[in-house]
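The residues making up each chain are set out below.
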Amino acid sequence: MAQHILEHLDRRLLAWLAEQGEPGFRARQIRHWLFDRRAESFDEMNELPKKLREALARDYVIWSGEVERVRQAEDGTEKLLLRLEDGERIECVLLRDGDRRSICISTQVGCAMGCVFCASGLDGVKRNLRRGEILEQMLRLQQRLPPRERISHIVVMGMGEPLANLDNLLAALAEATSREGLRISARRITISTVGLPAAIDRLAALGIPYHLAVSLHAPDNALRSRLVPVNRKIGMEAILAAADRYFHRTGRKLTFEYVLLRGINDTPNHARKLAALLRGRTALLNVIPYNPVAGLPYQTPDERTQRRFEYILRREGINVYFRERKGDAIDAACGQLRRISEASHDQQGAG
Ligand code: SAH
């Protein structure tokens, strides 16, 4: 059976080339066609001898999945629903903002963390994505850009918990940052995590300046354990300590994320406690007004409540940023498109 080439861009491709009696530099040419020329087929790779192109097409595929659906919002956001080899579905998103071309990618089918307000984890986790499947999302999204535009930023904030699939994620990100890959600076890559201390330490030990975002969502353990069930076993103290170590090791300013849920974590008291928790840390607080999920009881706080929350944090000296919601009309929040698709199989088809 044909192999997925995005899974084999390491020594395995070199070994395969040697078997074909081809020199090693062919690997660099193949990469150039995949990453820079955005080839969709081996046949396009016209620097390669015809025989090699034919052998590639016999033994490899470029895409392991298919684009099942494309949704575009007026603000330029595009969301792809990818159908994987085994029929599972994942989502990834392209966001256009001024000169920025950011992509948001998934790391797992489903999620095991169980955050009560999130669409991705409603049915638990099915499996980790392979490195090639993570990389494929980047290349599929790059295909949506005109030839002269490049992906500038990556946020690992799609479906799944990135630090629960760290090996495959790191392998894919190595291609994203590589000079022979997408050449995106690690500083422009954000890994968002629910907060798994051992994995944060592993990431810190690499010394690569990825930007770390920790999803907090509550100012104390009692509330956080209700919203983010894995917190019961871990606790915020351990997460904050690991985040601080990450900061000291990499020098990268931390981001904490806080999904604002009406009547649950949005009062002045929550804002003050949160400010006390974050004071003294070199960090940005990223507040995300809740993006409602069909079938879940959570709601977005009204504008006044949002402004009050923001005002208190600013007054307390916290560096706070209210995230603008993008792509609402296409359900760009994690896991939402997949669920809609699974509920309405008759409405599928790219368009
Ligand atoms: N597992 C990682 C990545 C998940 S998605 C993590 O927990 O960080 C990135 C962010 O979106 C997380 O902070 C997550 O809690 C948040 N999120 C999930 N569902 C949301 C929704 N419906 N509206 C707004 N933010 C949401």
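Residues numbered from 1 in each chain as written. Predicted model: local features only at pLDDT ≥ 70, side-chain atom pairs only at ≥ 80, totals over all residues. Heavy atoms only, no water.

Another point: the overall build of the chain. In terms of regular secondary structure, the chain is built from 12 helices and 14 strands. Over its C-alpha trace the chain gives a radius of gyration of 21 Å, about what one expects of a compact globule, namely 20 Å for 351 residues. In terms of principal-axis extent, the alpha carbons of the chain reach across some 70 × 50 × 40 Å. Taking all 351 residues of the chain together, the buried fraction comes to 56%. Nonlocal contacts in the chain, meaning residues at least 24 apart in sequence, comprise 69% of its contacts between residues at least 6 apart. On the chain, roughly 15500 Å² of surface is accessible, and the fraction owed to carbon and sulfur atoms is 48%. Here the chain contributes 55 positively and 45 negatively charged side chains, and the mean placements of these two sets differ by 5 Å. (Helix = DSSP H or I, 4+ residues; strand = E, 2+ residues; numbered from the N terminus. Rg over C-alpha atoms; globule rule 2.2 N^0.38 Å. Buried < 20%, exposed > 50% of the residue type's maximum accessible area, 1.4 Å probe, protein only. Contact = heavy atoms within 4.5 Å. Areas by Shrake-Rupley, 256 points an atom, 1.4 Å probe, with all protein chains shown as cover. Lys, Arg positive; Asp, Glu negative; His and termini not counted. Charge placed at Lys NZ, Arg CZ, Asp CG, Glu CD.)

The local shell around the ligand holds 20 residues, among which E161, S192, S215, H217 and N291 are the closest. Between a nitrogen atom of the ligand and a main-chain N or O atom of G160, the distance comes to 3.1 Å. T193 places a main-chain nitrogen or oxygen 3.4 Å from an oxygen atom of the ligand. Within the complex, the protein chains bury 94% of what would otherwise be the 530 Å² of accessible surface of the ligand. Elements represented by at least two residues in the shell around the ligand include exactly β10 (189-193) and β12 (254-260). Considering only residue class, the shell around the ligand consists of 10 nonpolar, eight polar and two charged. (Near = heavy atom within 4 Å. Polar contact = N/O pair within 3.5 Å; in protein donor to acceptor, adjacent residues only side chain to side chain. Nonpolar A, V, L, I, M, F, W, Y, C, P; charged D, E, K, R; others polar.)

As a further point, take the side chain of E257. Positionally, E257 belongs in strand β12. Here the side chain of E257 touches S215 through a polar contact of 3.3 Å, side chain to side chain. Once residues within four sequence positions are removed from consideration, E257 is found in contact with M157, S192, A213, V214, S215, L216, H217, N286, I288 and R323.

Here we come to the side chain of Q142. With respect to the element layout, Q142 can be found in helix α4 (residues 131-142). Once you skip the residues sitting within four places of it in the chain, Q142 turns out to touch L34, F35, R38, I151 and L182.

Purely geometric stuff here, so don't read any function into it on its own.
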